[in-house]
Amino acid sequence: MKSQYKKNIDFLVLEMQCLYYSRFKKGIAMLKYELLHECKQTGARRGRIHTPHGIIETPVFMPVGTQATVKSLTPEDLKEKVNAEIILSNTYHLYLRPGDKIIKEAGGLHKFMNWDRPILTDSGGFQVFSLGDLRTITEEGVEFKSHLDGSKHIFTPENVMEIQENLGADIIMAFDECVGYPATYEYTKQSMERTTRWATRCIKAHTNTKKQALFGIVQGGMYKDLREISAKDLIELNFPGYAIGGLSVGEPFELMKDILNYTTNLLPKDKPRYLMGVGSPDYIIEAVLSGIDMCDCVLPTRIARNGTAFTSKGKVVVRNAIYEKDFTSLDDECDCYTCKNYTRAYIRHLIKAQEILGIKLLSIHNLKFLTNLMKKVKIEIEGDNLLTFKDEFYKKYGYTSE
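First things first, this report covers the structure right here in the doc. (Residues numbered from 1 in each chain as written. Predicted model: local features only at pLDDT ≥ 70, side-chain atom pairs only at ≥ 80, totals over all residues. Heavy atoms only, no water.)

This paragraph deals with the overall build of the protein chain. In terms of regular secondary structure, the protein chain is built from 16 helices and 16 strands. Its C-alpha atoms give the protein chain a radius of gyration of 21 Å, within 12% of the compact-globule value 21 Å for 402 residues. Each of the three principal axes of the protein chain carries a C-alpha extent, and together these read 70 × 50 × 45 Å. Looking at the protein chain residue by residue over its 402 residues, the buried ones come to 55%. Counting only contacts in the protein chain whose residues sit at least 6 apart along the sequence, the fraction spanning at least 24 positions is 68%. A total accessible area of about 17300 Å² is found for the protein chain, and carbon and sulfur atoms account for 52% of it. (Helix = DSSP H or I, 4+ residues; strand = E, 2+ residues; numbered from the N terminus. Rg over C-alpha atoms; globule rule 2.2 N^0.38 Å. Buried < 20%, exposed > 50% of the residue type's maximum accessible area, 1.4 Å probe, protein only. Contact = heavy atoms within 4.5 Å. Areas by Shrake-Rupley, 256 points an atom, 1.4 Å probe, with all protein chains shown as cover.)

Here it is in structure tokens:
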């Protein structure tokens with residue numbers, strides 16, 4: 001006999017399939033994904049995502065613009081100096097300030113922030129998870145207190161869809177619960193099932209399907225059977241793309257890789273795959289090796305604000321005294337604006353003096369470093385040589401490669 005959960009999911013799947021069919025008959029367009037090549041060594045994917053605001057060549061790293069800005073950088077910096085193809089903005093923060101209705105009145109997020117390339121907005125699920133004792137989860141949604149002024153709010157699948165439609169991003173995310181690590185099997189199972197029910201409500205509430213693609217988020221913590229159930233149920237709901245949530249939340253690296261590889265293999269090959277919240281070179285490479293198309297993280301700009309740079313030979317903490325008289329570039333293999341024009345000594349001076357330019361130069365470099373990394377990864381995928389590239393990169397960077 002089927003569980004009540006399974007009965008409910010079967011009914012909702014049928015309802016959502018009918019909804020998508022009716023929208024298809026009306027000629028409503030969806031995001032399009034092209035799988036161009038799979039690496040014969042690994043199964044890593046080279047692809048292309050078509051959106052209303054342009055094409056995204058995958059695999060891709062997405063800079064995070066939490067408050068409708070990538071910290072310290074202008075849109076022109078992102079285009080001309082970083083060559084960012086897509087950026088991510090945050091539903092939770094933009095809802096609180098300046099408010100999604102103000103952004104809608106301004107013409108949507110693209111016009112509001114003067115960015116004419118694709119945008120992805122998250123659902124706010126991770127930010128709500130991060131609030132800890134300031135939030136309460138129920139079947140209806142999540143009640144929480146603003147980190148700005150303590151005011152009370154509620155996020156439901158329905159109003160999160162409304163907020164993201166007001167923001168107007170090309171790709172939006174279903175509302176989910178991100179479970180921390182460690183978590184019991186019982187709680188993770190309850191959370192995963194609730195996330196699936198919320199996903200069906202998101203589909204039902206989402207109306208702007210011609211211009212926005214709604215991605216489902218696979219949850220299930222560190223339990224493979226729950227990941228499999230979550231993926232199966234969400235695939236039946238026929239989202240245009242799928243994200244993997246609930247990883248890189250404190251678990252060991254090897255466990256993350258194991259769950260990531262297992263989960264990615266459950267997802268459709270003809271739709272984009274997005275690993276949420278990873279931004280270090282090793283995590284990005286492992287994600288691509290598993291078959292992931294999209295990654296994002298605040299890490300590159302966050303460590304820039306702390307005076308740290310990614311380089312081909314590992315991290316450089318440029319604020320350290322050893323670089324006071326170092327008149328070389330951050331990375332002699334980097335072609336970014338920062339490395340072409342400024343020295344470690346000068347950037348260290350700016351960081352020590354708390355000058356904004358120092359943060360900007362490091363942010364440009366770190367984001368361009370990851371953009372260049374992804375450019376090389378694409379080439380290696382097309383050449384069926386990604387494992388060899390990984391070993392060479394890890395050795396040079398200082399990672400242990402297995």
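Once you've had a look at it, read on.
The computed volume of the largest pocket comes to approximately 890 Å³. Of the residues that constitute the lining of the largest pocket, the class distribution is 17 nonpolar, 20 polar and six charged. (1 Å grid on protein atoms, 1.4 Å probe; cavity = no way out; pocket = protein on both sides within 12 Å on 5 of 7 lines; lining within 4 Å. Points joined across faces, edges and corners; volume = space filled by probe spheres on them. Nonpolar A, V, L, I, M, F, W, Y, C, P; charged D, E, K, R; others polar.)

Before going further, it helps to spend a moment on the pattern of salt bridges. One pass over the full model with this rule turns up 22 salt bridges. The salt bridge involving D326 is made with R344; its shortest N-O contact spans 3.4 Å. With a gap of 18 residues between them, D326 in the loop between β16 (316-317) and α13 (337-341) and R344 in helix α14 (residues 344-352) connect regions that are remote in the sequence. The shortest N-O distance in the salt bridge between K396 and E333 comes to 2.2 Å. In this pair, K396 is assigned in helix α16 (residues 386-397) and E333 in the loop between β16 and α13, connecting sequence segments 63 residues apart. On the basis of relative accessibility, which here comes to 40%, the residue E333 falls in the partly exposed class. (Salt bridge = Lys/Arg side-chain N within 4 Å of Asp/Glu carboxyl O.)

With that out of the way, let us pick up unusual backbone geometry. Omega for the peptide link from T58 to P59 comes to 5°, which places this bond in the cis form. In this structure, the amide linkage connecting Y181 to the following residue, P182, adopts the cis form with an omega of 0°. Phi at S248 takes a positive value of approximately 60°, unusual for a residue other than glycine. Assignment of secondary structure puts S248 in the loop between β12 (241-244) and α10 (253-264).

With that out of the way, let us pick up empty space enclosed by the protein. Within the structure shown, the criterion is met by one cavity of 30 Å³ or more. The computed volume of the largest cavity comes to approximately 50 Å³. If you trace the largest cavity, you find it lined by G125, V128, F129, R135, I137, V142, F175, D176, E177, C178 and W198. Put simply, the parts of the chain that give the lining of the largest cavity at least two residues each are α6 (125-130) and β7 (135-137). Here the lining of the largest cavity takes three residues from α6, the largest share from any one element.

So, on to the sheet that holds strand β3 (residues 54-58). Whenever strands of a sheet pair, they do so through backbone hydrogen bonds, lying parallel or antiparallel. Here three strands make up an open sheet; going across it, the order is β1-β2-β3 and the pairing antiparallel. Every other strand in the sheet has two partners, leaving β1 (32-38) and β3 as the edge strands with one partner each. Neighbour-to-neighbour, the strand axes of this sheet turn through a mean angle of 15°, independent of strand direction. As judged from the five bridges shared by strand β2 (residues 45-51) and β3, these two strands associate in the antiparallel manner. Considered in β3, the bridge of T51 is made with G54. (Pairing = 2+ DSSP bridges. Axes fitted to C-alpha atoms, helices over the stretch in contact; angles between N-to-C directions.)

The next point concerns the sheet that holds strand β8 (residues 142-145). Read from one edge to the other, the open sheet built from three strands follows the order β7-β8-β9, with strand pairing classed as antiparallel. Of all the strands in the sheet, the pair left with one neighbour each is β7 and β9 (152-155). Pairs of neighbouring strands in the sheet enclose a mean axial angle of 15°, with direction left out of account.

Before going further, it helps to spend a moment on the nonpolar core. If you look at the biggest cluster of nonpolar residues, it comprises 77 residues, and the most contacted ones within it are L275 and L386. Here the element with the most residues in this core is helix α15 (residues 356-382); it accounts for eight residues. Contact partners of L386, with chain neighbours within four places excluded, come to C39, Q41, T42, A44, V288, L289, V377, E380 and I381. (Core = buried A, V, L, I, M, F, W, Y, C linked by side-chain atoms within 4.5 Å.)

A separate point is α14. Side chains that are three or four residues apart share a direction in an α-helix, a result of its 3.6 residues per turn. By the burial criterion, the buried members of α14 are R344, A345, I347, R348, L350 and I351. Here the buried face of α14 lies against α12 (299-305), β16, α13 and α15. Backbone geometry just after α14 places Q354 at a positive phi near 60°.

Moving on to the state of the cysteines. Here the structure, examined in full by the defined rule, presents zero disulfides. C295 forms no disulfide, and the closest cysteine sulfur to it belongs to C297, at a distance of 9.4 Å. Judged by its relative accessible area of 1%, C295 falls in the buried class. Free cysteine: C334, not disulfide-bonded; nearest cysteine sulfur from C336 at 3.5 Å. According to the relative accessible area criterion, C334 is buried, its value standing at 13%. (Disulfide = S-S within 2.5 Å.)

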